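Below are the chains, spelled out letter by letter.
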Amino acid sequence: MLTIKDLKASVEEKQILNGLNFEVKPGEVHAIMGPNGSGKSTLASVLAGREEYEVTGGEVMFNGEDLLEMSPEDRARAGVFLAFQYPVEIPGVSNANFLKTAVNEVRKSKGLEVLDSKQFLKIMQEKMKLVEMDKAMTQRSVNEGFSGGEKKRNEIFQMAMLEPSLAILDETDSGLDIDALRIVANGVNALRDGKRSFIVITHYQRLLDYIVPDFVHVLYKGRIVKSGTKDLALELEEKGYDWIKEEVDATLNA
Amino acid sequence: MSDDLKLLDDVANSEYKWGFVSNIESDNAPKGLNEDIVRFISAKKNEPEWLLEYRLKAFRHWQTMTEPVWPNVTYPKVDFQDIIYYSAPKPKVQLDSLDDLDPEIKATFDKLGISLEEQKRLANVAVDAVIDSVSVKTTFREALLEKGIIFSSFSEAVHEHPELIKKYLGSVVPYTDNFYAALNAAVFSDGSFCYIPKGVRCPMELSTYFRINSAGTGQFERTLIIADEGSYVSYLEGCTAPMRDENQLHAAVVEIVSHAEAQVKYSTVQNWYPGDKNGKGGIFNFVTKRGICLGNKSKISWTQVETGSAVTWKYPSVILKGDNSVGEFYSVAVTNNMQQADTGTKMIHIGKNTSSTIISKGISGGRSHNSYRGLVKINKSADNARNFSQCDSLLLGDQCGAHTFPYLEVSNKSAMVEHEATTSKVGEDQIFYCNQRGISTEDAVGLIVNGYCKEVFNQLPMEFAVEAQKLLAISLEGSVG
Ligand SMILES: Nc1ncnc2c1ncn2[C@@H]1O[C@H](COP(=O)(O)OP(=O)(O)OP(=O)(O)O)[C@@H](O)[C@H]1O
Ligand SMILES: [Mg+2]
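Caption draft 1: Focus on the overall build of chain B. From N to C terminus, chain B includes 12 helices and 23 strands. Looking at chain B alone, contacts between residues at least 24 apart form 83% of all its contacts between residues at least 6 apart. When the accessible surface of chain B is totalled, it reaches about 17800 Å², and 48% of it is carbon and sulfur.

Here it is, written out as structure tokens:
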């Protein structure tokens, strides 16, 4: 589904991704961990097509297409969804209105009929249950005045509405209370259908108790430096990153 | 919420859709302006002597005046001798019923989405349709008359209710007020007249739809709204014009009189042709709109959505004469490409405990210039007057300009005046967030700007709000960058 080869990217002349290799197959859940500033959000932004991030090398294929050639909205329409680490506020635009526009854009690109308000509301009500979303939240302006946790839950709600084929969750667990964490994880698990893939960026192995990943990777200095199974997350929880950093820095200096 | 969603049910397509020219035969005055033309117009309308006198006085006064230069706009000088001051669609036959209306005119309004057939019309809106210089049809007149409400073209009112016209014409905007008001008083052709009697709540929205059709003409309409004690009316105004390379002048006057405990809500969606991308053609929209709250607890509320015209010069104002009276001004002014707008309001506090609210949202894209100009004046007599002003500017690119000129004159120490102003740019991160959800940049800008204007759109009647949102999206095409 997603194949990343030797990806290099920089922002403001600073090289952040240094030849990253990574592959996601349909239905897989990959967790990406790594120290602050190692390039996790940068990877997510590059995949979503954020302009400030300049790709300086490598390639990204998504379902057989060159993802890097596509505009951000075309990537979204093709099924790439990013749950933002810092969701953006859009004052005066209701969540429902925003999502209806988004859902219909995606449908149009697939040659499907656009939904009218009634049809849309019906689907929205179903998905709201999935993330135990309050009705009032859908009428409020997009993320405006939402608490940190509410914003994250809203991201998952949007994901449920848009039904992407690849979802990238950037620290969706941080800032969530224990109940919200369970709700978000349940939402994600409900969307695991054997075809949809997930890249879950997190600092906490706790999330991975709820969303059990097929693979765990460590990103450091713009590369995937270690990959394993869920056990790797447990090991990191126990030992921290120092041992990996030392290993990597030793080979880099060699 | 479904209301809110309805707004986006159909996304409008691009470009100025109202730019067509209808093939309507018209009866024109010769080009140019002099006393004979003023007499010609008056004679065409079969006007009484007193009105001709009024026009002539205004004309003579106008000749002593010069065009205002203080607005923050630049445009080629208007040659007032190169304009046709009167153009009327030629009636095929005497108009007794809608069936007699020139099918081209009917088709024109159908094309504009305005049905003149009452049974097809939205049940709660009465329309006065004005093409060039004359009113062609007013709907629902009889139904309104049952409640004592007079809603007719200005010309008819002159004949049917001369006492009201005599009493109120020029009482809020005298012809001495300014250059364009004087010009309008001399040559005004038609417009709407409306009178709501004591204690009557007008059961439907009243609206006037203005259409410029003929080439080389100016449009000078005159609207007069009188709300007697304790009455209520909501009034809508819409306008469009064909696309032409020349500039056309529109200089209207609107006067509102609100008596004690009466409320008038006046909403405009101004969509005159703005000219092309390079600033060729378009309407010069130089308009004087003013209302007076005459009695205790009366209220006047202006809501305007200004998306059209090449140059706009317009300050809907309220004179708060009655104690406890309320004035409101809600405005969205959008400029794109080469458009220029200098718009705002004046709130003149005279009575005690008067209060006013000003909410202005200026949005500029392309190489346009958008100025807010507002005066809050608190007279000595206005004890405990209050004003709240909020003027926000949103920039869509870096070649456009937003300017704010707030004037404040306070002569009474008990006044409480608050002014807030912000200038912002549509955020890259907001656009990217929308992009990531599958929404194109153009649609994202439309969405974000509509959100930005929500406070003002909320003031509009539902049907109008839908129109306004669509219009906004269209006017913003190609505005970012
Ligand atoms: N727009 C930007 N301008 C300048 N530097 C940036 C920008 N975006 C990212 N960086 C830098 O790139 C590096 C990687 O940032 P990134 O956000 O990808 O890290 P991360 O792995 O997501 O960290 P965290 O765990 O703290 O979220 C950091 O040093 C950061 O300061
Ligand atoms: Mg990050």
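Moving on from the model shown.
Caption draft 2: The side chain of Arg373(B), seen in detail. Residue and element names in this part refer to chain B. Looking at the secondary structure, you find Arg373 in strand 20 (residues 369-378). Among the residues examined, Arg373 registers a relative accessible area of 9% and is labelled buried. Here Trp70 takes part through its backbone oxygen, which lies 3.4 Å from a polar atom of the side chain of Arg373. For Arg373, the residues in contact, after removing those within four places along its chain, are Trp70, Pro71, Asn72, Tyr315, Asp342, Thr343, Gly344, Thr345, Phe405 and Tyr407.

Caption draft 3: Here's a closer look at the environment of Val254(B). All names here are of chain B. As for its position among the elements, Val254 is in strand 11 (residues 253-258). Each C-alpha atom, one on Val254 and one on Leu408, is 24 Å from the other, the two residues being 154 residues apart in sequence. The residues contacting Val254, other than those within four sequence positions of it, are Val173, Thr223, Glu237, Tyr266, Thr288, Lys289, Arg290 and Trp302.

Caption draft 4: The confidence of the model for chain B, seen in detail. Residues and elements named next belong to chain B. Confidence in the prediction for chain B averages 83 pLDDT; 80% of positions are at 70 or higher. Counting interchain partners and residues more than four positions distant, the pLDDT-below-50 stretch residues 1-14 has 35 contacts. In the predicted assembly, ipTM is 0.96 and pTM is 0.82.

Caption draft 5: Geometry of the coordination of the magnesium ion (ligand 2). All names here are of chain A. The protein atoms that coordinate the magnesium ion (ligand 2) are Ser41 (OG) and Gln85 (OE1), at distances of 2.0 to 2.3 Å. Highlighted residues: Ser41 in helix 1 (residues 40-48) and Gln85 in the loop between strand 6 (80-83) and strand 7 (90-94), separated in sequence by 44 residues. The exposure class of Ser41 is partly exposed, given its relative accessible area of 26%. Gln85 gets classed as buried once you look at its relative accessible area, which sits at 16%.

Caption draft 6: Molecular detail of the interface of chain B and chain A. Tallying the contact residues gives 25 residues for chain B and 40 residues for chain A. Where chain B touches chain A, the interface holds 1 salt bridge. The residue Glu155(A) makes a salt bridge to Arg437(B) at a minimum N-O spacing of 2.6 Å. Here chain B and chain A share 11 residue pairs in polar contact (both at pLDDT 80 or more) between them. At the level of elements, helix 1 (2-6), helix 9 (428-436) and helix 10 (441-452) of chain B are the ones that each hand at least two residues to the side of chain B that touches chain A.

Caption draft 7: Summary view of the pattern of salt bridges. Here the structure, examined in full by the defined rule, presents 27 salt bridges over all chains. For the salt bridge of Glu247(A) with Lys226(A), the shortest nitrogen-to-oxygen distance reads 3.5 Å. In this pair, Glu247(A) sits in helix 10 (residues 242-253) while Lys226(A) sits in strand 12 (residues 223-228), placing the two residues 21 residues apart along the sequence. Residue classification places Lys226(A) among the partly exposed residues on the basis of a relative accessible area of 24%. Across the pair Arg60(B) and Glu35(B) runs a salt bridge whose closest N-O atoms are separated by 2.8 Å. Linking Arg60(B) in helix 3 (residues 49-63) with Glu35(B) in helix 2 (residues 35-44), this pair joins segments that are 25 residues apart in sequence. What makes Arg60(B) partly exposed here is its relative accessible area of 37%.

Caption draft 8: Structural detail: the sheet that holds strand 1 (residues 2-11) of chain A. All names here are of chain A. The sheet built from 4 strands is open, its strands ordered 2-1-4-5 with antiparallel pairing. At either end of the open sheet lies a strand with only one pairing partner, and these are strand 2 (14-24) and strand 5 (65-66). Pairing between strand 1 and strand 4 (residues 53-62): 8 bridges, direction antiparallel. Within strand 4, the residue paired with Ala9 across the bridge is Val55. Contacting strand 1, strand 2 and strand 4, helix 1 crosses the sheet at an angle of about 110 degrees to strand 1.

Caption draft 9: Quick look at the pairing of strand 16 (residues 317-320) of chain B. All names here are of chain B. Every second residue of strand 16 is oriented toward a common face, with Ser317 and Ile319 on one face and Val318 and Leu320 on the other, all of them buried. Here strand 13 (residues 282-293) pairs with strand 16 via 4 bridges, running parallel. Paired with Arg290 across the bridge in strand 16 is Ser317. As paired elements, strand 16 and strand 18 (residues 340-349) share 3 bridges and run parallel to each other. Bridge assignment links Ile319 to a residue of strand 18, and that residue is Ile348.

Caption draft 10: Inspection of the site of ligand 1 at higher detail. All names here are of chain A. With respect to spatial proximity, 16 residues lie near ligand 1, and among them Gly37, Lys40, Ser41, Thr42 and His203 are the closest. Within the backbone of Gly37, one N or O atom sits 2.9 Å away from an oxygen atom of ligand 1. At 3.0 Å from a nitrogen atom of ligand 1 is found a side-chain nitrogen or oxygen belonging to Tyr53. Contributions of two or more residues to the shell around ligand 1 are made by strand 2 and helix 1. Ranked by residues supplied to the shell around ligand 1, first place goes to helix 1 with 3 residues. Of the residues contributing to the shell around ligand 1, the split by class is 4 nonpolar, 8 polar and 4 charged.

Caption draft 11: Spatial organisation of the environment of Pro72(A). Residue position: Pro72(A) is located in helix 2 (residues 72-77). Separated by 166 residues in the primary sequence, Pro72(A) and Glu238(A) place their C-alpha atoms 38 Å from one another. When near neighbours in sequence (up to four residues on either side) are disregarded, Pro72(A) contacts Ala48(A), Gly49(A), Phe432(B) and Asn435(B).

Caption draft 12: The arrangement of the packing of aromatic side chains in detail. Residue and element names in this part refer to chain B. In this structure the tally under the stated criterion is 24 aromatic pairs over all chains. Measuring from centroid to centroid gives 5.1 Å for Tyr75 and Phe284, while their planes differ by 55 degrees, and the two rings are tilted. Of this pair, Tyr75 sits in the loop between helix 3 and strand 2 (87-89) while Phe284 sits in strand 13, and the two are 209 residues apart along the sequence. Both rings, one in Phe154 and one in Phe188, keep their centres 5.3 Å apart while their planes meet at 80 degrees; by these two values the pair is edge-to-face. Placement of Phe154 in helix 6 (residues 154-160) and of Phe188 in the loop between helix 8 (179-187) and strand 6 (192-196) is noted, with a sequence separation of 34 residues between them.

What counts and how
- Just so you know, the residues in each chain are numbered from 1, in the order the chain's sequence is written.
- Here the convention is simple: chains get letters from A, ligands get numbers from 1, in the order in which they are written.
- Since the coordinates come from a predicted model, pLDDT governs what is reported: local features require at least 70, and pairs of side-chain atoms require 80 or more to be given and counted, while whole-chain, interface and lining totals use all residues.
- Computation of side-chain values covers all heavy atoms of the structure but excludes hydrogens and water.
- What counts as a helix is a DSSP run of H or I of at least four residues, what counts as a strand is a run of E of at least two, and both are numbered from the N terminus.
- Whether two residues are in contact is decided by their heavy atoms, any of which lying within 4.5 Å being enough.
- Here the open area of atoms and residues is found with the Shrake-Rupley method and a 1.4 Å probe, where only the protein chains shown may cover a residue.
- A simple rule labels every residue: compare its accessible area, found with a 1.4 Å probe on the protein chains alone, to the largest value its type can have, and call it buried under 20%, exposed over 50%, or partly exposed in between.
- Think of a polar contact as two N or O atoms within 3.5 Å of one another; within protein, one of them needs to be a possible hydrogen donor and the other a possible acceptor, and neighboring residues in sequence only count if both atoms come from side chains.
- Across the chain, each position has a pLDDT score giving the predictor's confidence in that residue, from 0 to 100.
- Here a donor is an N, O or S atom found within 2.8 Å of the metal, or within 3.2 Å if the metal is Na, K or Ca; sites may look incomplete because water is not among the atoms.
- Whenever a carboxyl oxygen of Asp or Glu lies within 4 Å of a side-chain nitrogen of Lys or Arg, that contact is scored as a salt bridge.
- The rule for pairing is simple: two strands pair if DSSP sees at least two bridges between them.
- Only the stretch in contact is used when a helix axis is fitted, and all axes are lines through C-alpha atoms; the angle between N-to-C directions ranges over 0 to 180 degrees.
- Residues are counted as near a molecule or strand when any one of their heavy atoms sits within 4 Å of it.
- Note that Gly is not counted as nonpolar here; it falls among the polar residues with everything else outside the nonpolar set of Ala, Val, Leu, Ile, Met, Phe, Trp, Tyr, Cys and Pro and the charged set of Asp, Glu, Lys and Arg.
- Only Phe, Tyr and Trp rings are paired, with Trp represented by its six-membered ring, and only when their centres lie within 6.5 Å; those with planes under 30 degrees apart are stacked, over 60 edge-to-face, the remainder tilted.

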